[in-house]
Amino acid sequence: MQAEDTARRRILVVEDDPLVSELVEDCLDEGGFDVQCVGRGSEARKVVETAPPDVAILDLGLPDGDGIALTTQLKGLVPHMGIIILSGRSAPVERIVGLEVGADDYLCKPFEPRELVARVRSLIRRIDALRGMAEAAVANAATPSPANQGGDPSCYQFEGYLLNLERVSLNSPEGETLHLSSTEFALLRAFVERPNRVLTRDQLMDIIHNNDMPAFDRSIDVQVARLRKKIEPDPKEPRFIKTIRNQGYIFAAPVSVGG
């Protein structure tokens, strides 16, 4: 089960059904995770405020509130914490809303335990990749370097935006630092590294999730919509990320390397 990859990784399960909670806890425990289960949103907020987990797995129907609102609250407390919604609500609108408010993934009940573990592992790898880049940026900033000769290859510029891969940051044309989730950052990186090239949804899923993320409907469309809201002057009439009918997406903004 590759437990060495997940040693000491903490997972918070927010589920009020004892049978489901026990099933989730058992499959994650077998996967090598440190699991904590609570049954109410208020308990989840206390845990996240005091000792944020790596990933929170949330049910939508909680006795003291809706999981959608809880997702927004937890993301506000710890923006880089991974969130997976695990719910019996299978309607597309429920999935779309969950992803739009900040969840990284959405899995319907009944679920395959091995798939849940795979999705948690994939999300943690994404979070680790961003954390590693951020730590490298701090180390590089503390180390004197020779004069820049040709620009920083870890930086990409488009339409006044500056995406810094080492610092894991995106600055707007006005100089404001914009917060991106791990998925949004990976998606924007995929686009700027492949400008003016049509990318299918499957290709984007493979690039973002390292080829090991189980396919989930057309969730990439929701992630693109979220990213558009943060970088497009008019998300309804996108200039940068354009939809290519029956194919996928293309990043149409001119991109230059170097900061």
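Residues numbered from 1 in each chain as written. Predicted model: local features only at pLDDT ≥ 70, side-chain atom pairs only at ≥ 80, totals over all residues. Heavy atoms only, no water.

1. Some words on the overall build of the protein chain
As a reminder of what qualifies: Each helix is a run of H or I in the DSSP string that is no shorter than four residues. Each strand is a run of E no shorter than two, and both are numbered from the N terminus. In this description, contact between two residues means that some pair of their heavy atoms is separated by no more than 4.5 Å. Note on areas: Shrake-Rupley with a 1.4 Å probe; residue coverage comes only from the protein chains shown.
In terms of helices and strands, the protein chain carries eight helices and 15 strands. Relative to all contacts within the protein chain whose residues are 6 or more apart in sequence, the contacts with residues 24 or more apart total 64%. For the protein chain, the exposed area adds up to about 12,600 Å²; of that, 50% sits on carbon and sulfur atoms.

2. Thoughts on the environment of Glu174
Applicable threshold: When a residue's accessible area, from a 1.4 Å probe over protein chains only, is under 20% of the maximum for its type it is buried; when over 50% it is exposed; and in between it is partly exposed.
Here Glu174 lies in the loop between β10 (169-171) and β11 (177-178). The exposure class assigned to Glu174 is exposed, which follows from its relative accessible area of 67%. Along the sequence, Glu174 and Tyr161 sit 13 residues apart, while their C-alpha atoms lie 8.5 Å from each other.

3. Section: the packing of aromatic side chains
For clarity, the threshold we go by: Centres within 6.5 Å are what make two rings of Phe, Tyr or Trp a pair, Trp counting through its six-membered ring; a difference in plane orientation under 30 degrees is then read as stacked, over 60 as edge-to-face, and the rest as tilted.
Under the counting rule described, the total for this entry stands at five aromatic pairs. Ring centres of Phe158 and Tyr161 lie 5.1 Å apart, and the angle between their planes is 15 degrees; this geometry places the pair in the stacked category. Taken individually, Phe158 and Tyr161 each receive the classification buried, so the pair is uniform in this respect. Centre to centre, the rings of Phe158 and Phe251 are 5.2 Å apart; their planes meet at 85 degrees, and the pair counts as edge-to-face. With Phe158 in strand β8 (residues 155-158) and Phe251 in strand β14 (residues 248-251), this residue pair connects regions lying 93 residues apart in the sequence. The class for Phe158 is buried, based on a relative accessible area of 0%. Grouped by ring-pair contacts, the aromatic residues Phe158, Tyr161, Phe191, Phe240 and Phe251 constitute a single cluster.

4. A look at empty space enclosed by the protein
Inclusion rule: Of the grid points, spaced at 1 Å and generated over the protein atoms alone, those admitting a 1.4 Å probe that cannot get out make up cavities, while open sets with protein on both sides within 12 Å along at least five of seven lines make up pockets; any residue with an atom within 4 Å of a point is treated as lining. Grid points are joined across faces, edges and corners, and a volume is the space filled by probe spheres set on the points.
Under the definition given, this model contains two cavities of 30 Å³ or more. For the second largest cavity, the full set of lining residues is Lys75, Pro79, His80, Met81, Asp104, Ser181 and Ser182.

5. Observations concerning the sheet that holds β14
Applied cut-off: One requirement defines pairing of two strands: DSSP has to find at least two bridges between them. In this analysis, axes come from line fits to C-alpha atoms, helices being fitted only over the stretch in contact, and the angle between any two N-to-C directions falls in the range 0 to 180 degrees.
If you walk across this open sheet you meet the three strands as β12-β14-β13, and the pairing is antiparallel. Sheet topology places β12 (199-200) and β13 (241-244) at the edges, where each strand pairs with a single neighbour. Examined bridge by bridge, β13 and β14 share four bridges and lie antiparallel to one another. Bridge pairing links Lys242 to Ile250 in β14. Helix-sheet contacts for helix α8 (residues 219-231) involve β13 and β14, and the interaxial angle to β13 is about 145 degrees.

6. Notes on the environment of Leu178
With respect to the helices and strands, Leu178 occurs in strand β11. Each C-alpha atom of the pair Leu178 and Lys230 lies 7.7 Å from the other, and the pair is 52 residues apart in sequence. Once residues lying within four places of it in the same chain are set aside, the contact partners of Leu178 are Tyr161, Leu170, Ser172 and Lys230.

7. Digging into α8
The condition that has to hold: Expected span, for any helix, means 1.5 Å times one less than how many residues it has.
Between its terminal C-alpha atoms α8 stretches 19 Å, which fits the 18 Å expected from 13 residues at 1.5 Å a residue. With ten of 13 residues buried, α8 is to be regarded as a mostly interior element. Among all positions of α8, only Ser219, Ile220, Asp221, Val222, Gln223, Val224, Arg226, Leu227, Arg228 and Ile231 are buried.

8. Points about the confidence of the model for the protein chain
Short version of the rule: The score called pLDDT rates the predictor's confidence residue by residue, from a low of 0 to a high of 100.
Taken as a whole, the protein chain shows an average pLDDT of 84; of its residues, 84% reach a score of 70 or greater. The least confident element of the protein chain is helix α5 (residues 113-141), whose mean pLDDT is 75; the most confident is strand β1 (residues 10-14), at 97. Every residue in residues 144-150 scores below 50 in pLDDT, and together they form zero contacts with partners more than four places removed in sequence or on other chains.

9. Some words on the nonpolar core
Keep this limit in mind: The term nonpolar core refers to a set of buried residues drawn from Ala, Val, Leu, Ile, Met, Phe, Trp, Tyr and Cys, joined through side-chain atoms within 4.5 Å.
Counting residues in hydrophobic clusters, the biggest one holds 28 residues, and the most contacted among them are Phe158, Leu188, Phe191, Ile231, Ile241 and Phe251. Elements supplying a minimum of two residues to this core: β8, β9 (161-164), α6 (182-192), α7 (201-208), α8 and β14. Per-element tally for this core: the top contributor is α6, with seven residues. Ile231 has contacts with Phe158, Tyr161, Leu170, Leu188, Phe240 and Ile241, leaving out every residue within four places of it along the chain.

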